[in-house]
Amino acid sequence: QVQLVESGGGLVQAGGSLRLSCAASGRTFSSYTMGWFRQAPGKEREFVAHINWNGGSTYYADSVKGRFTISRDNAKNTVYLQMNSLKPEDTAVYYCASPRARYTYWEVPRGQYEYDYWGQGTQVTVSS
């Protein structure tokens, strides 16, 4: 059974940084793409970032490009989201996710319905 467990959320002032972690178990982590999504109160869940199976390809939503960095450590079965220059509009519950299917090196699944496994989420609150 695939499990994803996020950590690292919290309260930070605007302009600050946080690093989220997502520990995966239950299958061969290094074979699968990973994504981060977020959901703010009253809004739909939205794509944030994607990283392919070996970390060689990443993709970001325009709203976070240049501020957030996704990375992974396949030896530790963990994916990270480094968030810098945080803004109040980044406030949301952040989720890591992974598809059941394997994607090729360059494919970038961005829709939430392309992902089958989800963590429980971690709250990020950015104060102004």
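Please read these numbers as outputs of a predicted model, since none were measured by experiment.

(A) Structural view of the overall build of the protein chain. When its secondary structure is counted, the protein chain shows 0 helices and 11 strands. Helices and strands in the protein chain line up, N terminus first, as β-β-β-β-β-β-β-β-β-β-β. Against the globule reference of 14 Å for 128 residues, the protein chain gives a C-alpha radius of gyration of 14 Å, in line with a compact fold. A separation threshold of at least 6 residues defines the contact pool for the protein chain, and within that pool the share at least 24 residues apart is 60%. Carbon and sulfur atoms provide 46% of the accessible area of the protein chain, an area that totals close to 6,500 Å². Considering the protein chain, the positive charge centre built from 13 side chains and the negative charge centre built from 10 side chains are found 4 Å apart.

(B) Structural view of the state of the cysteines. Within this structure, the stated rule accounts for 1 disulfide. Put simply, Cys22 and Cys96 are joined by a disulfide, and their sulfur atoms are 1.9 Å apart. Its torsion about the S-S bond being 45 degrees, the disulfide of Cys22 and Cys96 is classed as right-handed. Taken together, the positions of Cys22 in strand 3 (residues 18-25) and Cys96 in strand 9 (residues 92-98) put the pair 74 residues apart, joining distant regions of the chain. As far as the burial class goes, Cys22 and Cys96 line up, both buried.

(C) View of the pairing of strand 3. Both strand 1 (residues 3-7) and strand 3 contribute to a ladder of 5 bridges, which runs antiparallel. By the bridge assignment, Glu6 is partnered in strand 3 with Cys22. Of the strand pairs in this sheet, strand 3 and strand 8 (residues 78-83) are connected by 6 bridges, and their pairing is antiparallel. Across the sheet, Cys22 pairs through a bridge with Val79, a residue of strand 8.

(D) Region of the structure containing the packing of aromatic side chains. Inspection of every chain in the model, using the stated rule, returns 8 aromatic pairs. Note on Phe37 and Phe47: the rings are 5.7 Å apart at their centroids and 80 degrees apart in plane angle, and the pair reads as edge-to-face. Note that Phe37 is positioned in strand 4 (residues 34-39) and Phe47 in strand 5 (residues 46-51), a separation of 10 residues in sequence. Here Phe37 and Phe47 have matching classes, each one buried. Pairwise contacts between aromatic rings join Phe37, Phe47, Tyr59, Tyr95, Tyr115 and Trp118 into one cluster. Lying over the aromatic face of Tyr95, Arg45 brings its terminal NZ or CZ to 4.0 Å of the ring centre. Between the NZ or CZ atom of Arg45 and the centre of the ring of Trp118, over which it lies, the distance is 4.6 Å.

How each quantity is defined
- Residues numbered from 1 in each chain as written.
- Predicted model: local features only at pLDDT ≥ 70, side-chain atom pairs only at ≥ 80, totals over all residues.
- Heavy atoms only, no water.
- Helix = DSSP H or I, 4+ residues; strand = E, 2+ residues; numbered from the N terminus.
- Rg over C-alpha atoms; globule rule 2.2 N^0.38 Å.
- Contact = heavy atoms within 4.5 Å.
- Areas by Shrake-Rupley, 256 points an atom, 1.4 Å probe, with all protein chains shown as cover.
- Lys, Arg positive; Asp, Glu negative; His and termini not counted.
- Charge placed at Lys NZ, Arg CZ, Asp CG, Glu CD.
- Disulfide = S-S within 2.5 Å.
- Buried < 20%, exposed > 50% of the residue type's maximum accessible area, 1.4 Å probe, protein only.
- Pairing = 2+ DSSP bridges.
- Phe/Tyr/Trp six-rings, centres within 6.5 Å; stacked < 30°, edge-to-face > 60°.
- Lys NZ or Arg CZ within 6 Å of the ring centre and 35° of its normal.

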